[in-house]
Amino acid sequence: MKKLLICTFLFSLFIPCLFAEEKYEKVFLNAQKLQAAECYKEAALEYKRYLFCADYAPLEHEDQAFIELSRYYHKTGDYTTAINYIKSAINIIKEKNPSSADLEELYLEHIILLANKSTKDQDWLEREPSILGYINFPVYSQKVKKLAYISLIKSNLENWEWERAQKEFTDFTTLYPDLYTTEEIQKFNKLIEEQKNAKEKNPKLALYLSIIPGLGQTYAGNPKDGLNAFILNASLIAASTYSLITQNYADFILVELELLIRFYKGNLANAEQEAVKYNLEQNEKYAHKMMEIVENSEKEDKKSDK
């Protein structure tokens, strides 16, 4: 009788577990169907439901659910959440003795997410331990190391950290001397030096120069806008002066004075913005040219994979 009770008790525990596993499997399959139908938001909710079930039964596809959620949040631009999910997937897969190719693919996805996040958080990638681990730890493949290095260099270029970018590029080309030609290395360093020596426009100076309408815009590298500002403000000043001379105070007070103040203030603000815009365009131009050189090794890697 005692043995019968024990068996009954164990059986009562075993049957619900089997049922639960089958039920949870349906949740995962439903998520895949929604994803195939391009209902990505609904699929993500189902993947989350499936992962929630892990508290009640072992899940066969837990790692895949984490991967799909990471890719979903990557598409939506929520890189922080995507990074957390891909890290969970990596940790689970590591325990399954996977092939190096499977892990390498996830490491590469992780690096891409880190790089995307860094464009919003500026120098965040420089302090991120994961990217430094990919670069320095010997357990990672050369492909992973290269992408980590390239992502770090590009992040510094995107955030105009020229000296950091130059240091990382020098370290990278020293470690992998065959990735770039001598001409490419020289061109990269030349662009860095050109950028360092380039004179930026001072927004405050542009503002002060615009006391004479149009002069600030001309200083900021936009003579066309400068000419327009000069003609417009000069015309309003002339019209206002004429009204005062002819004692037509009504037109001056009701019409011309308001327009004169508005356009003169606009001229001052526009000159300052033009100086900021000039500096931005110059930095972006240099960053883009250097980025093209750095990305050459990525293109070569993709060709060799094919």
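A quick note: this is a predicted structure, and the numbers were derived from the prediction, not measured.

1. Section: the side chain of S240
Relative to the elements of secondary structure, S240 occurs in helix 13 (residues 223-245). With a relative accessible area of 4%, S240 lands in the buried category. Aside from chain neighbours lying at most four places away, what touches S240 is F252, E256 and L260.

2. Considering helix 9 (residues 162-175)
Taking 1.5 Å per residue, 14 residues should reach 20 Å; helix 9 reaches 20 Å between its end C-alpha atoms and fits that length. Turning to helix 9, its buried residues are W162, A165, Q166, E168, F169, F172 and T173. For helix 9, the angular spread of the buried residues around the axis is 170°, confining them to a single face. Exposed and facing more than 90 degrees away from the buried side of helix 9 are E163 and T174.

3. Points about the packing of aromatic side chains
To describe a pair of aromatic rings, one takes the distance between the centres and the angle between the planes. Per the stated rule, a full pass over the model turns up 13 aromatic pairs. Residues F169 and Y180 carry aromatic rings whose centres are separated by 5.3 Å and whose planes lie at 55° to one another, so their mutual orientation is tilted. Here F169 is found in helix 9, whereas its partner Y180 is found in the loop between helix 9 and helix 10 (182-197), with 11 residues between them in sequence. Clustering of aromatic rings is evident, with ring pairs tying together Y149, F169, F172, Y176, Y180 and F188. Note that K75 overlies the ring of Y40, its terminal NZ or CZ placed 4.1 Å from the centroid. Just above the ring of Y286 sits the side chain of K285; from NZ or CZ to the centre is 5.6 Å.

Each value, and the rule that gives it
Residues numbered from 1 in each chain as written. Predicted model: local features only at pLDDT ≥ 70, side-chain atom pairs only at ≥ 80, totals over all residues. Heavy atoms only, no water. Helix = DSSP H or I, 4+ residues; strand = E, 2+ residues; numbered from the N terminus. Buried < 20%, exposed > 50% of the residue type's maximum accessible area, 1.4 Å probe, protein only. Contact = heavy atoms within 4.5 Å. Expected span 1.5 Å × (residues − 1). Arc of directions from axis to C-beta. Phe/Tyr/Trp six-rings, centres within 6.5 Å; stacked < 30°, edge-to-face > 60°. Lys NZ or Arg CZ within 6 Å of the ring centre and 35° of its normal.

By themselves, these are just geometric observations and shouldn't be taken as functional.
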